[in-house]
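Here is how the chains run, residue by residue.
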Amino acid sequence: MKSKSVFHSFFYAFSGMWYALRTQRNIRIHLSVAFCAVAAGIWLRLDLVRWAVLFLTIGAAISAEMINTAIETIVDAQVEEFHPLAKVAKDVSAGAVMVVALTAVLVGICLFLPPLLGKLGFSLAR
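Small disclaimer: the values here were computed from a predicted structure and weren't measured.

Colleague: What exactly am I supposed to notice about the packing of helix α1 (residues 6-23) against helix α2 (residues 25-44) here?
Modeller: Helix-helix packing: each pair is described by the crossing angle between the helix axes and the interaxial distance. Packing of α1 against α2 leaves a shortest axis separation of 5 Å and a crossing angle of 95 degrees. Here α1 is positioned roughly perpendicular relative to α2, judged by the angle of their axes. Along the contact surface, α1 presents A20, L21, R22 and T23, while α2 presents R25, I27, R28 and L31.

Put into structure tokens, the structure is as follows:
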């Protein structure tokens, strides 16, 4: 199944992204949180470095969720009834998403807390 052209490769990639968006509730949750984070970044007037970190973090979280979807789909296609190793594969891929999501929360705190405190009149400087 090799792509005929770069155009086809992009078509397949967008098709996969559209499938994930249509069928995966957690992708929509990640996108909603990402939208809120971008809105907060605009309000707080983040600098370029903070924007770069924010977009990398959003991309990592959404990508992890899409990889989890791919793993779960492959497992479901290959296993017709319960198998303990299938459960392990699905649980570990879901756990990886949770690690990325929790890391994203910590990154968000680091990105947003200083400018938020500054906007509220507080300073972190001693």
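Having seen the model, we can carry on.
Colleague: So what exactly am I meant to see when it comes to the nonpolar core here?
Modeller: Across soluble globular proteins, nonpolar side chains show a tendency to be buried alongside one another. In this structure, A20, I27, A34, A37, L44, L46, W51, L54, I58, I62, L111 and F112 together form the largest nonpolar core, which totals 12 residues. Elements with a contribution of two residues or more to this core: α2, α3 (48-78) and α4 (84-119). Once residues within four sequence positions are removed from consideration, W51 is found in contact with V38, G41, I42 and L46.

Colleague: Honestly, the pattern of salt bridges in this entry has me stumped. Any pointers?
Modeller: For side chains bearing opposite charge, pairing can occur when the charged atoms are close. Per the counting criterion, the structure on display carries 3 salt bridges. As a salt-bridge pair, D76 and K90 come within 2.7 Å of each other at their nearest N and O atoms. Here D76 is found in helix α3, whereas its partner K90 is found in helix α4, with 14 residues between them in sequence. Classification of K90 by relative accessible area gives partly exposed; the value is 25%. Among the ionic pairs, D91 bridges to K87, the shortest N-O distance being 2.4 Å. Of this pair, D91 and K87 are both found in helix α4, 4 residues apart, which corresponds to roughly one turn of the helix.

Colleague: Can you help me understand the state of the cysteines in this one?
Modeller: Defined simply, a disulfide is a covalent bond joining two cysteines at their sulfur atoms. Under the definition given, this model contains 0 disulfides. Cysteine C36 remains unbridged, with the sulfur of C110 as its closest cysteine sulfur at 19 Å. Looking at C36, the relative accessible area reads 51%, which means it is exposed. Overall, C110 belongs to the exposed group, its relative accessible area being 57%.

Rules and cut-offs
- Residues numbered from 1 in each chain as written.
- Predicted model: local features only at pLDDT ≥ 70, side-chain atom pairs only at ≥ 80, totals over all residues.
- Heavy atoms only, no water.
- Axes fitted to C-alpha atoms, helices over the stretch in contact; angles between N-to-C directions.
- Helix = DSSP H or I, 4+ residues; strand = E, 2+ residues; numbered from the N terminus.
- Parallel < 35°, antiparallel > 145°, perpendicular 65-115°, else oblique.
- Contact = heavy atoms within 4.5 Å.
- Core = buried A, V, L, I, M, F, W, Y, C linked by side-chain atoms within 4.5 Å.
- Buried < 20%, exposed > 50% of the residue type's maximum accessible area, 1.4 Å probe, protein only.
- Salt bridge = Lys/Arg side-chain N within 4 Å of Asp/Glu carboxyl O.
- Disulfide = S-S within 2.5 Å.

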